[in-house]
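# Commentary on secondary and tertiary structure
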Amino acid sequence: MSLEAWLPQPTLFLTGLSLLLSLAPMGLGMEVMAPATINALNGSSVKLSCTFNSCYKVENKQFSLNWTYQECRNCSEELFLQFRTKIMNKQLDRFGNRVEFTGNPTKYDVSFTLKNVQLEDEGTYNCYVLNPPDRHRGHASISLKVLTKEPPKHDSTVAVIVGASVGGFLAVVILVLMVVKCVRRKKQQRLNTDDQKTEEEGKTDGEGNPDEGTK
């Protein structure tokens, strides 16, 4: 039996918890979610999952996506997958034709599948997403570990039950936070727009002439 990728139960729980905590601050940045680490068996295919949330509908003409590969922490990032109105595979020599985009931006999913995983594919994969009118680009990274043999199997029945219960609770909390966040974000952007208009109107009087103090 081939096992393509593993997310140990404690890691899955911590990933959900970190996602919950990341949504708590009501900032203006976009959230991009991806597992911190994925293990893949040498020679298998593995899906590198990356999703995002946004208060706005995805428009292909404005939406942008970059996937980059980083061999080591201090190494430069190599762009290998990009979305600009359509998906564009950069065909790096490192990956050849082994990269397949399997996400759907309109469903806030920008995942891809790496086929025939090699030991040399280990490293950090960065997912960058921008969905205007969101003003800030979101980012998440995945550390890919390539294994030469399958890990020992464990009875995870209890862990699955607990994980499902915790996951359901987190899903409800995250949904509530997202609704609140979107409302606050749009309100803040309206306030910023109103402030900008007020500043512009303050430079001229009602007839469009400079204020007396500026003459």
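See the structure printed just above.
Since the structure is predicted, the reported quantities are computational estimates derived from the model, not experimental observations.

## Some words on the state of the cysteines
The term disulfide refers to a covalent linkage connecting the sulfur atoms of a pair of cysteines. Scanning the model with the defined rule gives 2 disulfides in all. The disulfide partner of C50 is C127, and the gap between their sulfur atoms is 2.3 Å. Between C50 and C127, the disulfide has an S-S torsion of -90° and is therefore left-handed. Of this pair, C50 sits in the loop between strand 4 (46-48) and strand 5 (51-53) while C127 sits in strand 11 (residues 123-130), and the two are 77 residues apart along the sequence. Taken as a pair, C50 and C127 share a single burial class, namely buried. Each disulfide pairs two cysteine sulfurs, and for C72 the partner residue is C75, the sulfurs being separated by 1.8 Å. The chirality of the disulfide connecting C72 with C75 is right-handed, given an S-S dihedral of about 90°. Residue C75 is classed as partly exposed on the basis of its relative accessible area, which comes to 25%.

## Considerations on unusual backbone geometry
With an omega of 10°, the peptide bond running from P132 to P133 counts as cis. Structurally, the position occupied by P133 is in the loop between strand 11 and strand 12 (138-147). Non-glycine residue Y108 carries a positive phi angle of around 65°. Within the secondary structure, Y108 is located in the loop between strand 9 (99-101) and strand 10 (112-114).

## What to know about the nonpolar core
Of all hydrophobic cores here, the largest spans 31 residues; its most connected members are W67, F80 and Y125. Residue assignment for this core shows that the elements contributing at least two residues are strand 3 (37-41), strand 4, strand 6 (64-70), strand 7 (78-84), strand 9, strand 10, strand 11 and strand 12. A total of 4 residues in this core trace back to one element, the largest contributor, which is strand 12. With sequence-adjacent residues up to four places away left out, W67 is seen in contact with L48, C50, E78, L79, F80, L81, V110, F112, Y125, N126, C127 and I142.

## Comments concerning the pattern of salt bridges
Counted under the stated rule, the structure contains 4 salt bridges. A salt bridge links K115 to E100, with the nearest nitrogen and oxygen atoms 3.2 Å apart. Here K115, found in the loop between strand 10 and strand 11, pairs with E100, found in strand 9; they are 15 residues apart in sequence, far enough to count as distant. In this structure K115 comes out as partly exposed when scored by relative accessible area, which is 35%. One connected set of salt bridges, linked through shared partners, spans E71, E78 and R94.

## Remarks on the pairing of strand 12
Pairing between strand 3 and strand 12: 5 bridges, direction parallel. By the bridge assignment, I38 is partnered in strand 12 with L144. Here 7 bridges tie strand 11 to strand 12, and the two strands are oriented antiparallel to one another. Along strand 12, the bridge assignment pairs T124 with S143.

The rules behind each value
Residues numbered from 1 in each chain as written. Predicted model: local features only at pLDDT ≥ 70, side-chain atom pairs only at ≥ 80, totals over all residues. Heavy atoms only, no water. Disulfide = S-S within 2.5 Å. Helix = DSSP H or I, 4+ residues; strand = E, 2+ residues; numbered from the N terminus. Buried < 20%, exposed > 50% of the residue type's maximum accessible area, 1.4 Å probe, protein only. Core = buried A, V, L, I, M, F, W, Y, C linked by side-chain atoms within 4.5 Å. Contact = heavy atoms within 4.5 Å. Salt bridge = Lys/Arg side-chain N within 4 Å of Asp/Glu carboxyl O. Pairing = 2+ DSSP bridges.

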